[in-house]
Amino acid sequence: MAKAKKKLVVSDKVAIQIENMNKWYGSFHVLKDINLTVYQGERIVVCGPSGSGKSTLIRCINALEEHQQGKITVDGTHLSSDLKNIDAIRSEVGMCFQHFNLFPHLSILDNCTLAPIWVRKIPKKEAEETAMHFLEKVKIPEQADKFPGQLSGGQQQRVAIARSLCMQPRIMLFDEPTSALDPEMIKEVLDTMIELAEEGMTMICVTHEMGFARQVANRVIFMDAGQIVEQNEPEAFFNNPQSERTQLFLSQILGH
Amino acid sequence: MKNVSYVRTEMLQEKAPPVSQAGIIKWLRDNMFSNIPNSVMSIAALWAIYYVLSDVLPWTFQSSWNAKSLGECRSAIAAAYGEGTSGACWSVIHDRFLQLIFGFYPKELYWRPVVAFVLMFVAIAPVLFDGLPKKMLRFTMIYPFLAFWLLWGGSIWFPLMIIAGFVLGAMAFNVVSKMASSLLGIIAFALATVLWWLFFAGGAAGALQSIVPLSIEAVPSSNFGGFMLSITIGIIGISLSLPIGIVLALGRQSDLLIVKVICVGFIEFIRGVPLITLLFVASTLLNYFMPPGTNFDLILRVIIMVTLFASAYMAEVIRGGLAALPKGQYEGADSLGLDFWQSTRLIIMPQALKISIPNIVSSFIGLFKDTTLVSIIGLLDPIGLSTNIRANQEWNGVIWELYGFIAIVFWIFCFSMSRYSMYLERKLQTGH
């Protein structure tokens, strides 16, 4: 990761606004009073110990998890229990999962064209062209006719990224995209994500890849026990963490 | 300590596996005589096979095909193969073959079930095998009405009016689902279709028949029998129980409490009751609930009961498939913005059904074999017919030949289904 860090523009238009959001699993209070404003073009890395609610936070943004209190606005659309609103937001917000969640019964190309054809009502041919464009971008156009089960983990995750991009989303969410991968494959996925960031995509990544955070993030958020403990620019965050909890966490993950 | 450092300068090439000694001797040694217990078992098994075949084969082939009664058959075998020879009287099959196939269907109209049977393969081919032109599916959709008309005969306007009910329902669905939700659309579909059938279809068919008389000779259900009856009940049950089972399985997982309670109640009730009691309900009790004078076809009642019974099992089989799907598949579909029906149809169901194929086909096979139970309520399926044939003076005493023949025919159907399911599993295999 020796590439020189490009200067990326962050606009002052709001992409996601989360106000006083609270969430419980049963009686367990998972997310406590979350306030977060994400601007268009931001690359945010969310880190923190396991069970701190970071995955739950980003899964609330596209309503994979329901929040009980507070207000989430994505791209001007208020996230309520109205299914039409939820589907509209989901088609604007791409998501990559730790375990890829590709559809094993469909070929790579069909995985990529399914949502554009059925949700966006794009003609099949056009959807296939778009899909091939994004598969080339993640550098696996030659796998288009294979099935997910025939690909390596890194390739599957890149297909998952391409599949999300085919919906032309304005925001991408990454939920620990490299946690299930071998070290050799992590780099190929991170390279794809870096490229995406450099094109100005608004991204929120839950990840433990601190090198990635340093290189592309413009903001790092540290969560613990369901709340945002600290957020800062990466330089300041890594070199000069303010809270004790952050210092302890960083010393543990960077200490070896 | 010795120096353990080592550096490989050249990566090794892949080599072919060692050629093992092939041939029959090697195969025998590996598979039958690898050690003493295995050898003993093999010899015992060979002896058992010989013992059974040495009786069954002569019985099967030292047989008579053309006798008119059991006595005539026995003496023909004695004359041909010597006194005391025990041989099969296949004559009974020869003599009653058409009856075993068609029951008491009028002889001059045999071509109708035959045409329906042959067309059935044309209708199911595009469903079973891809690579056939998609347009064939249109024929598949018309086929049930065509087959109904061919088998039962009567005015062609009646099946056409039944189709009209579906068309009307589809129109109602289109209008309502655009105005309100797709759930209300489905309710509108069902209401429009059923109301049309109950109140207008009969009258309209009669009116059209009097204007343009288009009909073939009607055959009453009481003339149906033999394998024709088994296949009719089996095929209708199979092709309806799968879609109904899917709906019930989805309903059971629904968030809507009433839908869920209805589905669970239905499934648990039907599964908790033996099929035979449902058939008795169909043959006797159901008439008490009908207005006096209504003639509700017995075969239709039986088909409804068999279908409901199979649907309840099918629902549970499919629920197993749904439960086996990882949660990530639902989330993957949701995160792309697919709505419930899209993700169910495109992502969830194809995978759940694929997982359930072996169980679905088991269920189909079970249903097809269960059609023989209708003999108990007096329908003349092959089993019912054989009781009749054996009660006949000429064939009194024939057991093995009749039931053996019926068993073989059932086995051919069931084995084909089982083979097809294995082919389907291989075809849908997409991972490594």
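Just so you know, the residues in each chain are numbered from 1, in the order the chain's sequence is written. Lettering of chains starts at A and numbering of ligands starts at 1, both following the order in which they are written. The model is predicted, so local features are restricted to residues of pLDDT at least 70 and side-chain atom pairs to those at 80 or more, both for listing and for counting; the totals for chains, interfaces and linings are taken over all residues. Excluded from the side-chain calculations are hydrogens and water; all other atoms, namely the structure's heavy atoms, are used.

A few words on the overall build of chain B. Where helices and strands are cited, they refer to DSSP runs of H or I of at least four residues and of E of at least two residues respectively, numbered from the N terminus. Per the secondary structure count, chain B includes 16 helices and two strands. For the radius of gyration, the atoms used are the C-alpha atoms, and the globule rule reads 2.2 Å times the number of residues raised to 0.38. Compactness check: chain B gives a C-alpha radius of gyration of 29 Å against a globular reference of 22 Å for 432 residues, more than 25% above the reference. Burial classes follow relative accessibility: with a 1.4 Å probe on protein chains only, a residue under 20% of its type's maximum area counts as buried, one over 50% as exposed, and anything between as partly exposed. Counting the 432 residues in chain B, one finds 38% classified as buried. Accessible area of chain B: about 25,500 Å², with a carbon and sulfur share of 70%. Positive residues here are Lys and Arg, negative ones are Asp and Glu, while His and the chain termini are left out of the count. We put the charge of a Lys on NZ, of an Arg on CZ, of an Asp on CG and of a Glu on CD. Across chain B, the 27 positively charged side chains and the 22 negatively charged ones have centroids separated by 8 Å. Note on areas: these come from Shrake-Rupley sampling with a 1.4 Å probe, and a residue is covered only by the protein chains present in the view.

Next up on the list: the pattern of salt bridges. Residues and elements named next belong to chain B. By salt bridge we mean one thing: a side-chain nitrogen of Lys or Arg within 4 Å of a carboxyl oxygen of Asp or Glu. On inspection of all chains with the given rule, the structure shows 24 salt bridges over all chains. A salt bridge links D30 to K26, with the nearest nitrogen and oxygen atoms 2.9 Å apart. With a gap of four residues between them, D30 and K26 both fall in helix 1 (residues 24–31), about one helical turn apart. Judged by relative accessible area, which is 26%, K26 ranks as partly exposed. Among the ionic pairs, K68 bridges to D95, the shortest N-O distance being 3.8 Å. Within this pair, whereas K68 is found in the loop between helix 2 (36–61) and helix 3 (70–81), its partner D95 is found in helix 4 (residues 91–102), the two being separated by 27 residues in sequence. Here K68 falls in the exposed class, since its relative accessible area comes to 52%.

On any regular strand, side chains alternate: one points to one face of the sheet, the next to the other face. All names here are of chain A. Residues V93 and M95 point to one face of strand 6 (residues 93–96) and G94 and C96 to the other, with burial holding for every one of them. Of the strand pairs in this sheet, strand 6 and strand 7 (residues 171–175) are connected by four bridges, and their pairing is parallel. In the sheet register, C96 faces strand 7, and the bridge partner there is F174. Strand pairing is assigned whenever DSSP identifies at least 2 bridges connecting the two strands.

Moving on to the packing of aromatic side chains. The geometry of an aromatic ring pair is captured by the separation of the ring centres together with the interplanar angle, meaning the angle of the planes. Only the six-membered ring of Trp is used, alongside the rings of Phe and Tyr, when aromatic pairs are assigned; centres must lie within 6.5 Å, and planes under 30 degrees apart are stacked while those over 60 apart are edge-to-face, with the rest tilted. Scanning the entire structure with this criterion turns up 27 aromatic pairs over all chains. Aromatic pair F237(A) and F238(A): ring centres 5.2 Å apart, planes at 85 degrees, arrangement edge-to-face. For F237(A), a relative accessible area of 0% puts it in the buried group. Relative to W90(B), the ring of W59(B) lies with its centre 5.8 Å away and its plane at 65 degrees, an arrangement referred to as edge-to-face. One end of the pair, W59(B), is in helix 2; the other, W90(B), is in the loop between helix 3 and helix 4, with 31 residues separating them in the sequence. Classification of W90(B) by relative accessible area gives buried; the value is 14%. Grouping aromatic residues by their ring pairs yields a cluster made of F97(B), F227(B), F368(B), F405(B), F410(B) and F413(B).

Let us now look at helix 10 (residues 257–271) of chain B. Residue and element names in this part refer to chain B. Multiplying one less than the number of residues by 1.5 Å gives the expected span of a helix. Given a rise of 1.5 Å per residue, 15 residues ought to cover 21 Å, and the 21 Å separating the end C-alpha atoms of helix 10 matches this to within 8%. Residues of helix 10 that are buried: C263, I267 and I270. Buried residues along helix 10 cover an arc of 75 degrees about the axis, so they all sit on one side. Across helix 10 from its buried face, at more than 90 degrees, point the exposed residues L257, I258, V261 and F269. Throughout, the arc means the angular range of directions from the helix axis out to the C-beta atoms.

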